[in-house]
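Inside the fold
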Amino acid sequence: MTATAATLSRDRPAHVPPDRFVDYDVYRGAFPGEESDLHHGLYRLGEEHGRGIFWTPHNGGHWFINDFELLFEAARKPELFSSTEMTIPPVPEEPRLIPLFLDPPEHGLFRAPLMRQFTPGRIAAMEVGIRQFTNELIDAIEAEGHCEFVEAMAEPLPIKIFMRIMGMPLDRLREFREWILDMLSSDDDRRASSYANIAGLMDGLIRERQAEPKDDLISHLLTLEIGDRPIAYEEVQAYCLLLFAAGLDTVANALAFGMQFMATRPDLQARLSADPSLIPEAVEELLRKFGVPMPARTATCDFQFGGADIRKGERVMLMLPACNLDPKTFPDPWNFDLERKNKAHIAFNVGPHRCIGSHLARLELRVFWEEWLRRIPSFRLDPARPATYRAGLTLAVQELGIAWDPAA
Ligand code: HEM
């Protein structure tokens with residue numbers, strides 16, 4: 001915990017009772033000093049403070065929900081929990097990524113056409129390309145016997161796939177990656193410049209596709225209709241920015257948290273290598289145990305929820321990774337259990353904003369594990385490069401050393 005109870009209690013608003021007041025800073029993790037296991041911190045927070053809806057004074061003061069059933073309800077009530085303002089702490093000019101920052105009914109107008117680009121059929125057609133990219137990245141490291149997994153695999157794989165889907169030039173991978181790191185930075189200037197750079201690149205591409213359409217996502221986005229009118233140029237741009245923000249870091253961290261766990265479990269490595277048909281189940285259990293984003297909402301009015309008095313304008317964080325570790329829904333939640341009966345996790349959230357890219361994400365994760373386990377069936381954490389993590393609204397692995405014995 002980060003400050004003394006006495007100092008903090010001065011920051012407790014009058015409508016927040018002491019038993020809902022928790023010293024939790026989303027940018028430091030639940031238990032500073034235990035940054036090496038952000039997920040266990042969230043689990044421990046639930047064990048020690050209970051599960052429900054709580055108020056933290058950090059980052060401008062906000063609520064967070066760490067109870068599965070309660071979050072399920074909140075995420076499906078956009079009339080109370082709005083997505084139009086989602087930053088924690090609040091910033092004066094919030095990004096307007098569509099459809100993420102919209103509420104129904106406007107949200108549906110923009111979500112429906114985008115969903116048609118991400119149907120299971122369209123995504124399945126990408127499997128060959130994803131497998132090829134995965135193998136190219138493994139080719140580059142297999143003989144080495146070790147790698148920094150984030151740099152070697154977790155970041156470039158989804159970026160390459162994304163660039164291919166959008167029709168972007170792959171030779172700009174490195175530059176693009178720098179911008180992504182800027183986008184995730186806590187430094188406001190770096191973040192602003194990354195959005196400007198990405199928007200600039202997208203701008204050029206959108207204009208090229210306007211002049212000469214190809215068979216890529218940008219060309220398809222340009223043909224969409226919003227309601228009964230053609231899509232506007234700025235809307236294509238906003239879609240592109242959202243896909244960029246939503247589809248890269250999430251997959252990268254799901255890969256890295258999964259790898260960090262699997263590297264400690266030779267029994268699972270052997271079991272999945274011997275029977276790859278279990279990999280889709282393993283992917284689901286990894287998604288459950290190691291959730292990544294924790295989106296936020298803003299209260300649209302004063303109301304009571306889960307026993308708490310919520311005031312108009314207050315932020316409420318949906319702590320998805322913690323809810324997937326709620327023992328009321330997932331018995332013995334800290335245990336990785338391939339035979340788990342209830343696999344209905346909410347790593348992709350529920351309600352109107354449920355992830356549009358979940359089929360793509362699952363395909364990327366499945367193909368990655370199929371190829372990795374086929375080629376490197378036995379691996380471990382590399383003590384020479386211990387993992388580092390980053391807490392925040394997106395839980396992240398920054399560095400992760402992995403080692404294996406290269407084939408003779
Ligand atoms: C493991 C990987 C991923 C995870 C865990 C994940 C998780 C999420 C979550 C929790 C949301 C809901 C946000 C909210 O409620 O405010 C979301 C929304 C979204 N995701 Fe993903 N995502 C992943 C990968 C992807 C990919 C690969 C794409 C596409 C390229 C994508 C596209 C989107 C879009 C467009 C939305 C906004 C949907 C809306 O507002 O209606 N995601 N994602």
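Look a little higher up for the structure.
Structure report, in brief. (Residues numbered from 1 in each chain as written. Predicted model: local features only at pLDDT ≥ 70, side-chain atom pairs only at ≥ 80, totals over all residues.)

**Digging into the overall build of the protein chain**
Within the protein chain, the regular secondary structure consists of 17 helices and 14 strands. A compact globule built from 408 residues should have a C-alpha radius of gyration of about 22 Å, and the protein chain, at 21 Å, falls within 12% of that. Expressed along its principal axes, the backbone C-alpha trace of the protein chain runs to roughly 65 × 55 × 40 Å. Per-residue burial for the protein chain yields a buried fraction of 40% across its 408 residues. Within the protein chain, contacts between residues separated by at least 24 positions form 68% of all contacts whose residues are at least 6 apart in sequence. (Helix = DSSP H or I, 4+ residues; strand = E, 2+ residues; numbered from the N terminus. Rg over C-alpha atoms; globule rule 2.2 N^0.38 Å. Buried ≥ 20, exposed ≤ 12 C-beta atoms within 10 Å, placed from the backbone. Contact = placed C-beta atoms within 7 Å.)

**Quick notes on the sheet that holds strand 11 (residues 380–381)**
Within the open sheet, the three strands sit side by side as 4-14-11. Their pairing is antiparallel. Since the sheet does not close on itself, it has two edges, and those belong to strand 4 (146–148) and strand 11, each with one partner. Note: strand 4 against strand 14 (residues 401–403), three bridges, orientation antiparallel. The partner of His146 across the bridge, within strand 14, is Ala403. (Pairing = 2+ DSSP bridges.)

**Describing the pairing of strand 2 (residues 62–65)**
By the alternation rule, side chains of strand 2 split into His62 and Phe64 and Trp63 and Ile65, which are all buried. Summarising the sheet, strand 1 (residues 53–56) and strand 2 pair through four bridges and their orientation is antiparallel. Within strand 2, the residue paired with Trp55 across the bridge is Trp63. In this antiparallel pair of consecutive strands, strand 1 and strand 2, the connection spans five residues, and Asn59 shows a positive phi of 55°. In this structure, strand 2 lies alongside strand 10 (residues 315–318), joined through three bridges in parallel fashion. Within the sheet, the bridge partner assigned to Ile65 lies in strand 10 and is Leu318.

**A look at the site of the ligand**
If you check the shell around the ligand, you find 24 residues, and the closest are Gly247, Thr250, Pro295, Cys355 and Gly357. At the level of elements, helix 12 (233–247), helix 13 (249–262) and helix 17 (358–375) are the ones that each hand at least two residues to the shell around the ligand. Ranked by the residues each element gives to the shell around the ligand, the list is headed by helix 12, at four residues. A breakdown of the residues in the shell around the ligand according to their chemical character gives 17 nonpolar, six polar and one charged. (Near = placed C-beta within 6 Å. Nonpolar A, V, L, I, M, F, W, Y, C, P; charged D, E, K, R; others polar.)

**Description of the nonpolar core**
The tendency in soluble globular proteins is for nonpolar side chains to be buried as a group. By size, the foremost hydrophobic cluster in this structure holds 115 residues, and its most contacted members are Trp63, Ile65, Leu255, Ala256, Met317, Leu318 and Met319. Not counting the four nearest positions on each side in its chain, Ile65 is found in contact with Ile53, Leu70, Leu71, Ala74, Val316, Leu318 and Met319. (Core = buried A, V, L, I, M, F, W, Y, C linked by C-beta atoms within 7 Å.)

**A look at the environment of Phe261**
By secondary structure assignment, the location of Phe261 is in helix 13. Placed 29 residues apart in sequence, Phe261 and Phe290 show a C-alpha to C-alpha distance of 9.2 Å. Not counting residues up to four positions away in its chain, the partners in contact with Phe261 are Leu286 and Phe290.

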